[in-house]
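Fold and contact review
Each chain, letter by letter, is given below.
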Amino acid sequence: MKVITLCGSTKFKEQFETANAYLTLQGNVVISVGFFEQSEGISITNEQEALFEKIHLRKIDMADEIFVIDVNGHIGSSTRKEIEYANSCGKRVSYFSQSKIESMNILEGFNKVR
C-alpha cells in the first residue's frame, strides 16, 4: 500500500476525483487538495495561497509518490514547483496524461445505492 499525493491545477476537479477513485481502488492511500478554488470559483487571498502551498508540500512529504493531474499536458508554475520538490525528496512522480485513467470507467462493476 502506497501513499500518493495528487498535484495539479484545481481547475481539473473531475480529473482529480477520477484519479482519486482509481488510485484508491488500487489499494493506495490518496491525499488530495483541500478544495477546488479554480473550478468552483472560490476567491482566496495571497496569504491563503501561500499557506495552501506550504500545506501541499507537507502532503508531498507524507507521500511515497505524487500523481500529477496534467490534463492535456498542462502543468502550471505551482505544480511545476511541487514536481521539483518531490524530485528533490526522491519521490516517484507519475502523470495523469501518461496513464489510462481518463478512458476508464472507474466505478464499473460497483452497485450504486439509490
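Along every chain, residues carry numbers that run from 1 in the direction the sequence is written. Local features are withheld for residues below a pLDDT of 70 in this predicted model, meaning they are given only at 70 or higher, and side-chain atom pairs are given and counted only at 80 or more; totals for whole chains, interfaces and linings count all residues. For the side-chain quantities, the full set of heavy atoms in the structure was used; hydrogens and water were omitted.

We now examine the nonpolar core. We define the nonpolar core as a collection of buried residues of types Ala, Val, Leu, Ile, Met, Phe, Trp, Tyr and Cys that are connected through side-chain atoms lying within 4.5 Å of one another. Only protein chains enter the accessibility calculation, which uses a 1.4 Å probe. A residue is then buried if its area is under 20% of the maximum for its type, exposed if over 50%, and partly exposed in between. In terms of nonpolar packing, the biggest core is built from 14 residues, with Leu6, Phe16, Ala19, Leu23, Phe67, Ile69 and Phe96 touching the most fellow members. At the level of elements, β1 (3–8), α1 (13–25) and β3 (65–69) are the ones that each hand at least two residues to this core. Secondary structure elements are taken from DSSP: a helix is a run of H or I of four residues or more, a strand is a run of E of two residues or more, and numbering for both begins at the N terminus. Sort the elements by how many residues they give to this core and α1 lands first, with 3 residues. Two residues form a contact once any of their heavy atoms are found within 4.5 Å. Once residues lying within four places of it in the same chain are set aside, the contact partners of phenylalanine 16 are Leu6, Cys7, Gly8, Ser9, Ser32, Val33, Phe36 and Ile69. Counting 8 residues, the second largest nonpolar core, distinct from the first, contains Cys7, Ile60, Ile75 and Ala86.

Each pair of aromatic rings taken from Phe, Tyr and Trp, with Trp reduced to its six-membered ring, is defined by centres within 6.5 Å and is described as stacked if the planes are under 30 degrees apart, edge-to-face if over 60, and tilted in the remaining cases. This model, assessed by the stated rule, comprises 2 aromatic pairs. A centroid spacing of 5.4 Å and a plane angle of 75° characterise the contact between phenylalanine 16 and phenylalanine 36, whose relative ring orientation is edge-to-face. Taken together, the residues span a long stretch of sequence, with phenylalanine 16 in helix α1 and phenylalanine 36 in the loop between β2 (29–31) and α2 (37–40) at a distance of 20 residues. Phenylalanine 36 carries the same exposure label as phenylalanine 16, and that label is buried.

Here we take up the sheet that holds β2. In short, DSSP must find at least two bridges between two strands for them to pair. Taken together, 4 strands build an open sheet; the order of strands is β2-β1-β3-β4 and the sheet is parallel. With one partner strand each, in any of the chains shown, β2 and β4 (92–95) form the two edges of the open sheet. Across the sheet, the mean angle separating the axes of adjacent strands is 30° when strand polarity is ignored. As judged from the 3 bridges shared by β1 and β2, these two strands associate in the parallel manner. If you follow threonine 5 over to β2, its bridge partner there is isoleucine 31. Here helix α3 (residues 46–62) sits on the sheet in contact with β1, β2 and β3, set at roughly 145° to β1. Relative to β3, helix α4 (residues 77–88) is tilted by about 160°, and along the sheet it contacts β1, β3 and β4. What counts as an axis is a line fitted to C-alpha atoms, over the stretch in contact for a helix, and the angles between N-to-C directions run from 0 to 180 degrees.

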